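An overview of the molecular structure
The chain contents come next:
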Amino acid sequence: MSTNETHDASVCGDCLMWIANGEPPLSDPATGADFNEEGEAAWVDAWVTRNAGTYWVCSSRPTADGEEWTDEDRYYGRDVESCFSWSPCDACGSTLGGDRHPAAWWEVGA
Ligand SMILES: [Zn+2]
């Protein structure tokens, strides 16, 4: 079963570039070593497998509507351009500290 429900997410810079431009990272996020073609393909494979059945977009931030930002808003970065966090990336699962950016995903297909 699939729904049209949109899920807010918080993603790392690597995933932001991948979601926005289809560009995988130039180096292994875990080791910092430059990716060769195989490494890059493995990263893409892992990402696609982890997120099978979902479609991702970079989300736009709603304009201030007079309501207070909630803790959830802050977690998902709706209140700021991006923010440093140690929280795992919702897309790739990276636990490396770094900027997290707002994104959204929903289920597609079966
Ligand atoms: Zn990520």
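Here is what the cut-offs are and how they apply
- Residues numbered from 1 in each chain as written.
- Predicted model: local features only at pLDDT ≥ 70, side-chain atom pairs only at ≥ 80, totals over all residues.
- Helix = DSSP H or I, 4+ residues; strand = E, 2+ residues; numbered from the N terminus.
- Buried ≥ 20, exposed ≤ 12 C-beta atoms within 10 Å, placed from the backbone.
- Contact = placed C-beta atoms within 7 Å.
- Expected span 1.5 Å × (residues − 1).

The next thing to look at is the overall build of the chain. Broken down by element type, the chain carries 3 helices and 4 strands. For the chain, the residues scored as buried account for 21% of the 110 residues in total. Across the chain, the fraction of contacts at a sequence separation of at least 24, relative to all contacts at a separation of at least 6, is 69%.

Another point: the environment of tyrosine 75. Within the element layout of this structure, tyrosine 75 appears in helix H3 (residues 71–75). A count of 16 C-beta atoms within 10 Å places tyrosine 75 in the partly exposed class. On a C-alpha basis, the gap between tyrosine 75 and serine 85 in space is 8.8 Å, while along the polypeptide they are 10 residues apart.

Helix length check: helix H2 (residues 37–50) (14 residues) gives 20 Å between terminal C-alpha atoms against 20 Å at 1.5 Å per residue, within 8%. Counted residue by residue, H2 has 1 buried out of 14 residues, so it is predominantly exposed.

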